[in-house]
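Spelled out from the first residue to the last, the chains are:
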Amino acid sequence: MTEGGKTARADLWGGAAWAGFGLLIVGESLRMDRYESMGAVLYTMPGFVPGALGSVVMLLGIVLMLRGWRRKLRAAAAGEVGERLFNPRIVITMVLSLLYAGLLVGRAPFWLVTALFVTAFVASFAPEQQSWRRRITVSLIAGLLTSAVVTLVFQHVFLVRLP
């Protein structure tokens, strides 16, 4: 790959996507209950850790975007022509993640939404040489088991009430 070809464009667009995703996380963490009436302080509020992680994701996305922009400018100055970037795996990952976190969680039972997300994700990235029946079976098993384990661990071990 050339210095300013696919890699620079991937960094530019990937960084923008990660920065946007981090911003979404920060925005949603600010909307979480703060439990101030119960004496919660900044570091014990439920949205603190997601907000901090979202900030880091957003910052690293911006750094990646700037890196891609710089490489793109260098390539343009050298007269290189970049190739078109379309990576369906990244698009599928972003769409499924945004659907899960942005639209479905909180609007349907957590266990159901998580099972659907994991099933769709595993089915999307299963090896193409697998038969359709095997792909769906493995995806459903992975989705249901993951959903059950995550729900049980969070509700009964961490005592977190899930949406």
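As the structure is a computational prediction, the values presented were derived from the model and not from experiment.

(A) Main features of a nonpolar patch on the surface. Taken together, the side chains of Val41, Leu42, Tyr43, Phe48, Val49 and Leu53 present a nonpolar region at the surface, about 610 Å² in accessible area. By the element assignment, valine 41 lies in the loop between α1 (6-31) and α2 (48-78). Note on valine 41: relative accessible area 47%, which makes it partly exposed.

(B) Main features of the packing of helix α3 (residues 88-104) against helix α4 (residues 110-125). Packing of α3 against α4 leaves a shortest axis separation of 11 Å and a crossing angle of 175 degrees. Between α3 and α4, the angle falls in the class roughly antiparallel. Every residue of α4 that contacts α3 at Arg89, Ile92, Thr93, Leu96, Ser97, Tyr100 and Leu104 is listed here: Phe110, Val113, Thr114, Phe117, Ala120, Phe121, Ser124 and Phe125. Class assignment of the residues belonging to the contact of α3 with α4 gives a composition of 10 nonpolar, four polar and one charged.

(C) Summary view of the packing of aromatic side chains. Within the structure shown, the criterion is met by five aromatic pairs. Between the aromatic rings of tyrosine 100 and phenylalanine 117, the centroid separation amounts to 4.5 Å while the plane-to-plane angle is 25 degrees, which identifies the pairing as stacked. Of this pair, tyrosine 100 sits in helix α3 while phenylalanine 117 sits in helix α4, placing them 17 residues apart in sequence. Ring centres 5.8 Å apart and planes at 40 degrees place the aromatic pair phenylalanine 117 and phenylalanine 121 in the tilted group. Note that phenylalanine 117 and phenylalanine 121 are positioned in helix α4 at a spacing of four residues, about one turn of the helix.

(D) Spotlight on the nonpolar core. Ranked by size, the top nonpolar core spans seven residues in total: Leu96, Tyr100, Phe110, Val113, Phe117, Val118 and Leu162. Where this core is concerned, the elements lending two or more residues are α3 and α4. The element contributing the most residues to this core is α4, with four residues. What phenylalanine 117 contacts, discounting residues up to four positions off in sequence, is Leu96, Ser97 and Tyr100.

(E) Fine view of the pattern of salt bridges. Under the defined criterion, the tally for this structure stands at three salt bridges. Between arginine 67 and aspartate 11 there is a salt bridge, with its nearest N and O atoms 3.4 Å apart. Of this pair, arginine 67 sits in helix α2 while aspartate 11 sits in helix α1; the two residues are 56 residues apart in sequence, bridging distant segments of the chain. On the accessibility criterion, aspartate 11 (10% relative accessible area) is buried. Its salt-bridge partner being arginine 31, residue glutamate 28 comes within 3.6 Å of it at the nearest N-O pair. Pair noted here: glutamate 28 and arginine 31 are both in helix α1, with a separation of three residues, about one helical turn. One salt-bridge network, held together by shared partners, links Asp11, Arg67 and Arg71.

(F) Representation of the layout of surface pockets in the model. In this structure, the largest pocket spans a volume of roughly 1300 Å³. Contributing elements (two or more residues each) for the lining of the largest pocket: α1, α2, α3 and α5 (132-157). Among the elements that take part in the lining of the largest pocket, α1 stands out by supplying six residues, more than any other. Here the lining of the largest pocket is built from residues that sort into 17 nonpolar, three polar and five charged.

Definitions and cut-offs
Residues numbered from 1 in each chain as written. Predicted model: local features only at pLDDT ≥ 70, side-chain atom pairs only at ≥ 80, totals over all residues. Heavy atoms only, no water. Patch = residues over 30% accessible without salt bridge, like charges linked within 9 Å, V, L, I, M, F, W, Y side chains within 5 Å. Areas by Shrake-Rupley, 256 points an atom, 1.4 Å probe, with all protein chains shown as cover. Salt bridge = Lys/Arg side-chain N within 4 Å of Asp/Glu carboxyl O. Helix = DSSP H or I, 4+ residues; strand = E, 2+ residues; numbered from the N terminus. Buried < 20%, exposed > 50% of the residue type's maximum accessible area, 1.4 Å probe, protein only. Axes fitted to C-alpha atoms, helices over the stretch in contact; angles between N-to-C directions. Parallel < 35°, antiparallel > 145°, perpendicular 65-115°, else oblique. Contact = heavy atoms within 4.5 Å. Nonpolar A, V, L, I, M, F, W, Y, C, P; charged D, E, K, R; others polar. Phe/Tyr/Trp six-rings, centres within 6.5 Å; stacked < 30°, edge-to-face > 60°. Core = buried A, V, L, I, M, F, W, Y, C linked by side-chain atoms within 4.5 Å. 1 Å grid on protein atoms, 1.4 Å probe; cavity = no way out; pocket = protein on both sides within 12 Å on 5 of 7 lines; lining within 4 Å. Points joined across faces, edges and corners; volume = space filled by probe spheres on them.

By themselves, these figures tell us nothing about what the structure is for.
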